[in-house]
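Understanding the architecture of this molecule
Residues per chain, in single letters:
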Amino acid sequence: MTVSAPAKSAARSTKQAPLPSALRVGMSRTGIELKGFFREKQAVAFVLTLPAIMLVLLGSIFRNETAGHDVSVGALFAAGLIGGGVMSTSYQNLGMSIAIERDRGMLKRLRGTPMPGAAYFIGKTCLVLISTIAETVILIVVGMLVDHLQLPHSAERWWTFIWVFILGTITCTLLGIAASSVPRSARSAMAVITLPFVVLQFISGVYVPFTFVPPWLRDVASFFPLKWICQGLRSVFLPAQAASLEPAGSWELGRVALVLTAWAVAGLVLCLTTFRWQRRRDG
Amino acid sequence: MVLTDEAAVRVGDLRKRYGDLTAVGGVDIEIRRGEVFALLGPNGAGKTTTVEILEGYRHRDGGTVSVLGEDPQHAGRAWRARIGIVLQLATEGESAELTVREIVRHFASFYPKPRDADEVIGLVGLSTKARSRIHQLSGGQIRRLDVALGIVGDPELIFLDEPTTGFDPEARRAFWALIGELSGSGTTILLTTHYLDEAEALADRVAVIADGRIRATGTPAELGGRDARAATVTWQDDGERRSTQTSEPTRVVAELGARYGGEVPGLTVTRPSLEDVYLELIGGQQ
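Remember, it's a predicted structure, so these values are computed and weren't measured experimentally.

Moving on to the overall build of chain B. A count of helical and extended segments in chain B gives 9 helices and 12 strands. Taking the principal axes of its C-alpha atoms as reference, chain B extends roughly 70 × 45 × 40 Å. The proportion of buried residues among the 286 residues of chain B is 41%. A sequence separation of at least 24 residues applies to 66% of the contacts in chain B between residues at least 6 apart.

Set out below in structure tokens:
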């Protein structure tokens, strides 16, 4: 792959220079997305450390509680907050940033250039992956220091961790892109995109242990992906006997994969059918 | 390069409706290659709708459109690489935390044969700001950055939608010089504006649009028969201002010269300004 710029004179002398590939422009987008994101220092600090701060707080408040079966409260919250963190960087931050870029006319300007549409999404996806990994690593390190969180101790658990993490990130990324088209303006994006996420965090086992959630709210949560991401992560970070605390009495990993895949497909269809490069009033 | 199509832009009977509102009601425009063409009109006249159809942002309801030999509605990336668009609203760029050079280089990466980023930054007068972050720029500097992003792909045709709105007079003059340079290098430019002095200073030809229709097309000097209109000769006579309308101002001035035996006190000869003609063209329809 010729990533370095070709000699200008050679490129100019040819009559029809080839258009740069979507992958190459996507890498260029990734660079600009990362610079734009990581230079907003306060926003970065907020996004990357919020789950870790929540873990310290929740772990301190519920220190004397036990979830039963020798399950540490710290590990319980850590698993939930990793899940919430995945959805926060992918669904929430991504959805908000696209809504703002659309409202400011940045998407419209990009659409007026020969940039391939796919390159924009490559850039966003790479940013989501990198920021989600960074945030998760911070969370796990803090959990290990403060709450005696233990890393997965078998290859099988690592494998579960990896596929739940990646599938969850892909699903929430697609849903974030789809959700970005719902708000009419950047100002309403906060409410439209964040509200459902906050509600889901309370009923899906992020801020409140899932066993404490009333059964009817658990049923509601079961329709959405966050509950399944958190459940998959509990199977990674909690002792095997904790499976009996789950409503189903087991980790249901097959169902986790099924539900997340179904949401990913739904998200993809929504993205392909509803994504707009311009504001609504721009026609 | 083989020119298969003499005209850069050819529009025939273009129509666009939004519900009951007719935004564009049968517009014909032809822009030659290398020409600077200004589309003048009041707000809501159909300027932006017309231009956005040419840019491929909107679909038309009727008529024919050819831009650089292709229909914008179906044109792909290769066509987009040949045009440059500067939208009406100044944006804060990709992100306020990027530098001018970073964002210009980034946009250059979209094109098959872009101009050199630093050369483009110099052209828009932002060389001293190349390392500055976008949030440190003034409104006029951001607008010039918008232009840099529009031209970095080395386009054959540039769309400038109200490029100098909100500029101070000095910035506007500097911007005009930039447009002159681009035009001098053979780039075709379609400009929309509601500043008449801007159209007069920059455009080879002007079209006045009102209520979705072209009211007149011509060079700024001859628009609406301006050159053939009666001139007004005024002079000072015994402390009193006198004036006369004439189609032969030279003869009137010669007669006055003979009458006063030399210098005519307070002599002026004026023709209707572009603004007079413009107001008449758009006013007659409202």
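Per-residue confidence for chain A gives a mean pLDDT of 87, with 92% of residues at or over 70. Note that pLDDT drops below 50 for residues 1-15 of chain A; the model gives that stretch 5 contacts with residues more than four away or on any other chain.

Extensive coverage of helix 3 (residues 100-108) of chain B is indicated by the burial of 8 of its 9 residues. Every buried residue of helix 3 of chain B is listed here: B:Val100, B:Glu102, B:Ile103, B:Val104, B:Arg105, B:His106, B:Phe107 and B:Ala108.

Segments scoring low in pLDDT should not have their predicted coordinates read at a detailed level. Residues and elements named next belong to chain B. Residues at a pLDDT of 70 or more form 95% of chain B, whose mean pLDDT is 87. Mean pLDDT in chain B bottoms out at helix 9 (residues 274-283), which sits at 81, and peaks at helix 3, which reaches 96. What the predictor reports for the complex is a pTM of 0.85 with an ipTM of 0.85.

Right, let's get into the interface of chain B and chain A. Quoted interface sizes are often the accessible area lost when the parts come together. Contact with chain B, which involves 25 residues of that partner, is made by 26 residues of chain A. For the side of chain B that touches chain A, the elements supplying multiple residues, two or more each, are helix 2 (77-80) and helix 3 of chain B. Here the side of chain B that touches chain A is built from residues that sort into 11 nonpolar, 4 polar and 10 charged.

Turning next to the pairing of strand 1 (residues 7-18) of chain B. Across a regular strand the side chains alternate sides, sitting on one face of the sheet and then on the other. Residues and elements named next belong to chain B. In the sheet, strand 1 pairs with strand 2 (residues 21-32) via 9 bridges, with the strands oriented antiparallel. The residue bridging Arg-15 from the neighbouring strand is Gly-25, located in strand 2. Between strand 1 and strand 2, which pair antiparallel and follow one another directly, the connecting turn spans 2 residues, one of which, Gly-19, has a positive phi of 60°.

On to the packing of helix 7 (residues 155-179) of chain A against helix 11 (residues 253-274) of chain A, then. Two measures define how a pair of helices packs: the angle their axes make with one another and the distance between the axes. Residues and elements named next belong to chain A. One way to put it is that helix 7 packs onto helix 11 with a least axis distance of 8 Å and a crossing angle of 25°. Taken together, helix 7 and helix 11 sit at an angle that is classed as roughly parallel. Helix 7 and helix 11 meet at a crossing whose hand is left-handed. Contact residues: Thr-160, Val-164, Leu-167, Gly-168, Ile-170, Thr-171, Leu-174, Leu-175, Ile-177 and Ala-178 in helix 7; Leu-253, Val-256, Ala-257, Leu-260, Thr-261, Trp-263, Ala-264, Gly-267, Leu-268, Leu-270, Cys-271 and Thr-274 in helix 11. When its residues are assigned to classes, the contact of helix 7 with helix 11 shows 16 nonpolar, 6 polar and no charged.

Moving on, we get to the environment of A:Val256. Residues and elements named next belong to chain A. Inspection of the secondary structure puts Val-256 in helix 11. Distance from Val-256 to Ser-88, taken between C-alpha atoms, is 19 Å for residues 168 residues apart in sequence. Sequence-distant contacts of Val-256, defined by excluding residues within four places in its chain, comprise Val-164, Trp-228, Gln-231 and Gly-232.

All right, on to the sheet that holds strand 3 (residues 36-40) of chain B then. All names here are of chain B. Read from one edge to the other, the open sheet built from 6 strands follows the order 5-6-7-3-8-9, with strand pairing classed as mixed. Of all strands in the sheet, those bounded by a partner on one side alone are strand 5 (83-86) and strand 9 (213-218). Between one strand and the next, the sheet's axes are offset by a mean angle of 15°, whatever the strand orientation. Taken strand by strand, helix 6 (residues 169-184) contacts strand 3, strand 6 (157-161) and strand 7 (188-193), and its axis lies near 150° from that of strand 7. Sitting on the sheet, helix 9 touches strand 3, strand 8 (205-210) and strand 9, and the angle it makes with strand 8 is about 35°.

All right, on to the nonpolar core then. With 76 residues, the main nonpolar core has B:Val104 and B:Ala148 as its most contacted residues. There are two domains that each give this core at least three residues, and those are domain 1 (1-82 + 156-228 + 275-286) and domain 2 (96-152) of chain B. Contact partners of B:Val104, with chain neighbours within four places excluded, come to B:Ala117, B:Val120, B:Ile121, B:Ala148, B:Leu149 and B:Val152. Within the second largest apolar cluster, 53 residues are counted, among which are A:Leu94, A:Leu175, A:Leu200 and A:Leu260.

Here chain B is partitioned into domain 1 (1-82 + 156-228 + 275-286), domain 2 (96-152) and domain 3 (230-270). Put simply, the middle of domain 2 of chain B and the middle of domain 3 of chain B, counted by C-alpha atoms, are 53 Å apart.

Attention now moves to the environment of A:Ser204. All names here are of chain A. Residue placement: Ser-204 occurs in the loop between helix 8 (186-203) and helix 9 (215-221). The buried category is assigned to Ser-204, around which 29 C-beta atoms lie within 10 Å. Linking Ser-204 and Arg-111, residues 93 residues apart in sequence, is a C-alpha distance of 38 Å. Every residue in contact with Ser-204, bar those within four places of it in the chain, is listed here: Ala-221, Phe-224, Leu-226, Lys-227 and Cys-230.

The next thing to look at is unusual backbone geometry. Only a minority of non-glycine residues have a phi that is not negative, and only a minority of peptide bonds are not trans. One non-glycine residue, B:Glu162, adopts positive backbone phi at about 45°. Examined against the element boundaries, B:Glu162 turns out to sit in the loop between strand 6 and helix 6.

Residue and element names in this part refer to chain B. With 7 bridges connecting them, strand 10 (residues 231-237) and strand 11 (residues 240-246) associate as antiparallel partners. Across the sheet, residue Ala-231 finds its bridge partner in strand 11, namely Thr-246. Here strand 10 hands over to strand 11 after 2 residues, with Asp-238 in that stretch at a positive phi of 60°. For strand 10 and strand 12 (residues 268-270), the ladder comprises 3 bridges, and the chain directions are antiparallel. Within strand 12, the residue paired with Val-233 across the bridge is Val-269.

This part is about the sheet that holds strand 1 of chain B. Residues and elements named next belong to chain B. With antiparallel pairing, 3 strands are arranged side by side in an open sheet as 2-1-4. Strand pairing shows two members of the sheet lacking a second neighbour, strand 2 and strand 4 (62-67), which therefore form its edges. Pairs of neighbouring strands in the sheet enclose a mean axial angle of 15°, with direction left out of account. Along the sheet, helix 1 (residues 47-54) contacts strand 1, strand 2 and strand 4; its crossing angle with strand 1, the most-contacted strand, is approximately 120°.

Conventions used here
- All residue numbers here refer to positions counted from 1 along the written sequence of the relevant chain.
- Here every chain gets a letter starting at A, and every ligand a number starting at 1, in the order they are written.
- It should be noted that, the model being predicted, local features are given only for residues of pLDDT at least 70 and side-chain atom pairs only at 80 or more, the latter also being counted only at that level, while totals for whole chains, interfaces and linings use all residues.
- Only runs of H or I of at least four residues qualify as helices and only runs of E of at least two qualify as strands under DSSP, and these elements are numbered from the N terminus.
- For the exposure call, what matters is how many other C-beta atoms sit within 10 Å of a residue's own: 20 or more marks it buried, 12 or fewer exposed, and in between partly exposed, using C-beta atoms placed from the backbone.
- Residue pairs qualify as contacts under a 7 Å threshold applied to their C-beta atoms, which are placed from the backbone.
- pLDDT is a residue-level measure of predictor confidence that goes from 0 to 100.
- Under the scheme applied here, ten amino acids are nonpolar (Ala, Val, Leu, Ile, Met, Phe, Trp, Tyr, Cys and Pro), four are charged (Asp, Glu, Lys and Arg), and all others, including Gly, are polar.
- When DSSP finds two or more bridges between a pair of strands, those strands are recorded as paired.
- Helix axes are fitted only over the stretch in contact, all axes being lines through C-alpha atoms; the angle between N-to-C directions runs from 0 to 180 degrees.
- For classification, angles of less than 35 degrees are called roughly parallel, those exceeding 145 degrees roughly antiparallel, those between 65 and 115 degrees roughly perpendicular, and all remaining angles oblique.
- Each crossing is labelled by how the near helix is turned from the far one, with a counterclockwise turn of less than a right angle marking it left-handed and a clockwise turn marking it right-handed.
- By convention the nonpolar core is taken to be a set of buried residues drawn from Ala, Val, Leu, Ile, Met, Phe, Trp, Tyr and Cys and joined through C-beta atoms within 7 Å.
- Where each domain starts and ends comes from a domain assignment, either automatic or drawn from a database.

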